[in-house]
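Descriptive analysis of the structure
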Amino acid sequence: MLRITRPLYQALKQSTGLTGLAVHQNPLPDLTKTYQNTLSLLASIPHSSVYRQGVEALTRHKLNIVQNANGDISMVEQQLNEGQIEQALDIAIDEYKLATKMVEWKAWEPLEEKPEPGQWDYFGQTTSS
């Protein structure tokens, strides 16, 4: 009886079934590298930044999932719960791109101008300024 392993299945996979999303033949090394690049980039943002704290924790969690999967793509897909592995890679790349923009924008710095009264009030909830 021939058993198709997940790496072999990935190599034989013809389509993701999603328009514009190509099959990635070896996604785990690229996913690991993208998570590591994101963590390196986040290191340039101050520790006090809420964005850094949240994204760093989530990225470390995802990186641990990939590293502990021992090459099992289906386990990574199941634990990440982001769809197919190619979708998880797209999400990781998008997060890296956003982190790049956050560094460029210096989003952790105080606002240059004081916001207009009520600018940050949503759905009847007010915030202190």
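Note: the structure precedes this text.
Notes on the structure in this doc start here. None of the values given here were measured: they were computed from a predicted structure. (Residues numbered from 1 in each chain as written. Predicted model: local features only at pLDDT ≥ 70, side-chain atom pairs only at ≥ 80, totals over all residues. Heavy atoms only, no water.)

Attention shifts here to helix H2 (residues 27-42). In an α-helix, one turn spans 3.6 residues; hence positions three or four apart end up facing the same way. In this model H2 runs 22 Å from its N-terminal to its C-terminal C-alpha over 16 residues, within 8% of the 22 Å that 1.5 Å per residue would give. Residues Pro27, Leu28, Leu31, Thr32, Thr34, Tyr35, Thr38, Leu39, Leu41 and Leu42 constitute the buried set of H2. (Helix = DSSP H or I, 4+ residues; strand = E, 2+ residues; numbered from the N terminus. Expected span 1.5 Å × (residues − 1). Buried < 20%, exposed > 50% of the residue type's maximum accessible area, 1.4 Å probe, protein only.)

In this section: unusual backbone geometry. At Asn70, a position not held by glycine, the phi torsion is positive, near 55 degrees. Asn70 sits in the exposed class, given a relative accessible area of 74%. Here the phi dihedral of Asn81 falls at roughly 55 degrees; this positive angle occurs in a residue that is not glycine. Residue classification places Asn81 among the exposed residues on the basis of a relative accessible area of 67%.

Let us now look at the nonpolar core. Among the nonpolar cores identified, the biggest contains 22 residues, and Leu31, Tyr35, Leu42, Tyr51, Val76 and Leu80 are the most heavily contacted of them. Put simply, the parts of the chain that give this core at least two residues each are H2, helix H3 (50-68), helix H4 (73-80) and helix H5 (85-105). In this structure Leu80 touches Leu31, Tyr35, Lys62, Ile65 and Ala88, once residues within four positions along its chain are discounted. (Core = buried A, V, L, I, M, F, W, Y, C linked by side-chain atoms within 4.5 Å. Contact = heavy atoms within 4.5 Å.)

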